[in-house]
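Residue-level listing of the chains:
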Protein chains: 2
Amino acid sequence: MFTGLCAFPLTPLHQHGVDETAFARIVTRLAESAVDALGVLGSTGSYAWLSREQRIQVIRQAKSHAGAVPLMAGIGALGTDRVLRLAEDAQRAGANALLLPAIAYQPLTEEEIFAFYQTVTREVSVPVCVYDNPVTTHVTTSDALKGAIAALPGIASIKIPGPAKNDVARRVQSLRRQLPAEVTIGISGDACAADGLNAGCEVWYSVCGGLFPYVAKELTAAATRGQAQLAEAISARLEPLWTLYRKYGGSLRVTAAAATILGLCGEDCLPRPLLPLSPDAFREIAETLRSLNLE
Amino acid sequence: MFTGLCAFPLTPLHQHGVDETAFARIVTRLAESAVDALGVLGSTGSYAWLSREQRIQVIRQAKSHAGAVPLMAGIGALGTDRVLRLAEDAQRAGANALLLPAIAYQPLTEEEIFAFYQTVTREVSVPVCVYDNPVTTHVTTSDALKGAIAALPGIASIKIPGPAKNDVARRVQSLRRQLPAEVTIGISGDACAADGLNAGCEVWYSVCGGLFPYVAKELTAAATRGQAQLAEAISARLEPLWTLYRKYGGSLRVTAAAATILGLCGEDCLPRPLLPLSPDAFREIAETLRSLNLE
């Protein structure tokens, strides 16, 4: 489950918490499109704002609509004790793999980050994907530290953020040298996906794929078949979507608006303090989706 | 309670959670030294890693040992719903004021930050202190936004991080112009306290004061009496302590080690993933405390 397209669905909320109906709708679409894996409770899945009970609810709901698609669940939290409880919850609720970020409040030392991964991987019985995304977790790790963590028993993959456009191949190759051969590298940051897959990443941890699975599968399949230029062309066609991500502070708010526009969930589906985008932004996103045939 | 010295005690932990005995010891020392206010569950109080139940436990314990000293409690969390629950808990447990950070996972917009403070201040009935510390919360606010937030009914003070040494007076004066006159400015970042108080800050939100209340009171009193040079001299004398903060990644790990050295709590009192400092660091901190007569 750590190769190909791993789709990261939104967790739509309404005023009483998780919007189970809308979430089931989103997961069902992904199961029907046969993505290679589902990644619930990632950043796009708003894990950071959800309670323990809500996270269990999300995993159970995903499991019951995922069909044969394997399920990875995020277990991110600041404290190690809390992470261990979330890991136990996720495994009981049917997660086939866990997505594990180290998150900083006070800046963490390298020793603390390593010990954190060591402690958690010792306690879990399903494979773990290392979540690396300094913009949200405020933890930055060297390739050497990533290598040490990836060598821990139980680590199966590492999810990396999109590097600068012209630096993707160098970054992926440099990281590859530090990792055990069996640990896959997954590219995140949708705008970098084609470059990352073309540079040897084995998986796309995809926000776009969580809402638009067919085009994301098309891109992933092209890169996997070695059709690098086709993968790049598909990514270039989606450039207006990547532009919206940049314009509106990341992919989450745009994805939430897009899910609303597609009729998958209500308009106000983000966790407070996040606010829905403006009516103007909604109009712009709707026009972009129409022009890209992503409706 | 938003003038003078507000001492921020550590929340020492042991393997079963909050070390109530050690915490009571620390709070009792502060009550006996008659600091002007207590600030529990700040960053030094490890709020970010504590559960809802542990936070209630800390506030109750503080209340029962604080004597006549007014009590401010941190209610920080990522999600607005959770913050509202923590605010309700803290008020029920006896907090006289609340310390409120906006915290980012995804970067927040100015509109989201303002709406967050507006929502929370509408729901609470005790005064609120705005917590500004981008290093831990990853939220950076302009002075204009701070001014808009400070004008909300219920805001009584704003806790600012220490600016660059040679920029303190300019920063404090520039912020002062944006705030309602009745909202006090509190300096944080112990190494900047003398400069901040001398520049017109009305309160020191003090980590040092949470463990060494007498010297912190001395510094605060000097600045308050207008004895700017004396306040600076006391701060200069404490420079070896500020140097330790810088050397060991901030004040929290040093304060935890110092509390152990003073016999107030066990050696491993930080929440995981944070680790206690090395034996060498403990020795260096013990020597520094001895040389400063802070034992």
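Remember, it's a predicted structure, so these values are computed and weren't measured experimentally.

Definitions and limits used
- Residues numbered from 1 in each chain as written.
- Chains lettered and ligands numbered in written order.
- Predicted model: local features only at pLDDT ≥ 70, side-chain atom pairs only at ≥ 80, totals over all residues.
- Heavy atoms only, no water.
- Pairing = 2+ DSSP bridges.
- Helix = DSSP H or I, 4+ residues; strand = E, 2+ residues; numbered from the N terminus.
- Axes fitted to C-alpha atoms, helices over the stretch in contact; angles between N-to-C directions.
- Contact = heavy atoms within 4.5 Å.
- UniProt positions renumbered as here; feature names shortened; annotations may be inferred.
- Buried < 20%, exposed > 50% of the residue type's maximum accessible area, 1.4 Å probe, protein only.
- Buried area = accessible area lost by both parts, 1.4 Å probe.
- Salt bridge = Lys/Arg side-chain N within 4 Å of Asp/Glu carboxyl O.
- Polar contact = N/O pair within 3.5 Å; in protein donor to acceptor, adjacent residues only side chain to side chain.
- Nonpolar A, V, L, I, M, F, W, Y, C, P; charged D, E, K, R; others polar.
- Right-handed = clockwise from strand over helix to strand, strands pointing away.

Q: Would you mind showing me how to read the sheet that holds strand 4 (residues 37–40) of chain A here?
A: Sheet strands associate in pairs through backbone hydrogen bonding, adopting either a parallel or an antiparallel arrangement. All names here are of chain A. Taken in spatial order, the eight strands close into a barrel running 1-4-5-6-7-8-9-10, and their pairing is parallel. With strand direction ignored, the average angle separating the axes of adjacent strands in the sheet is 25°. Pairing of strand 5 (residues 71–74) with strand 6 (residues 97–101) involves three bridges; the strand directions are parallel. The partner of A73 across the bridge, within strand 6, is L98. Docked against the sheet, helix 2 (residues 52–65) engages strand 4 and strand 5, running at close to 170° with respect to strand 5.

Q: Just checking my understanding: could you explain the sheet that holds strand 7 (residues 128–131) of chain B for this structure?
A: Residues and elements named next belong to chain B. As summarised here, the arrangement of the eight strands in space is 1-4-5-6-7-8-9-10, forming a closed barrel in which the pairing is parallel. Between one strand axis and the next, the sheet turns through 25° on average, direction left out of account. As paired elements, strand 6 (residues 97–101) and strand 7 share four bridges and run parallel to each other. Within strand 7, the residue paired with P101 across the bridge is Y131.

Q: Just checking my understanding: could you explain the UniProt feature "binding site: pyruvate" (unreviewed entry) in chain A for this structure?
A: All names here are of chain A. Within the UniProt annotation, "binding site: pyruvate" (unreviewed entry) is assigned to T44. Position of T44 among the secondary structure elements: in the loop between strand 4 and helix 2. By relative accessible area, T44 is classed as buried at 6%.

Q: What is the right way to read the interface of chain B and chain A from this model?
A: By a widespread convention, an interface's size corresponds to the accessible area lost as its parts come together. Tallying the contact residues gives 27 residues for chain B and 27 residues for chain A. Contact with chain A buries area across many residues of chain B, yet B:Y105, B:Q106 and B:P273 alone supply 28% of it, more than any other trio. In this assembly, chain B and chain A are joined by two salt bridges. For the salt bridge of A:R253 with B:E112, the shortest nitrogen-to-oxygen distance reads 2.7 Å. Remark: the boundary between chain B and chain A carries 16 residue pairs in polar contact (both at pLDDT 80 or more). Contributing elements (two or more residues each) for the side of chain B that touches chain A: helix 4 (110–123), helix 5 (134–137) and helix 12 (251–261) of chain B. In terms of residue class, the side of chain B that touches chain A is made up of 16 nonpolar, seven polar and four charged.

Q: Whenever I open this one, the pairing of strand 8 (residues 155–160) of chain B confuses me. Can you help?
A: Residue and element names in this part refer to chain B. With six of six residues buried, strand 8 is to be regarded as a mostly interior element. Summarising the sheet, strand 7 and strand 8 pair through four bridges and their orientation is parallel. Bridged to V128 within strand 8 is I155. Here four bridges tie strand 8 to strand 9 (residues 184–187), and the two strands are oriented parallel to one another. Bridging across to strand 9, I160 finds its partner in I187. In terms of handedness, the path from strand 8 via helix 7 (residues 168–176) over to strand 9 forms a crossover that is right-handed.

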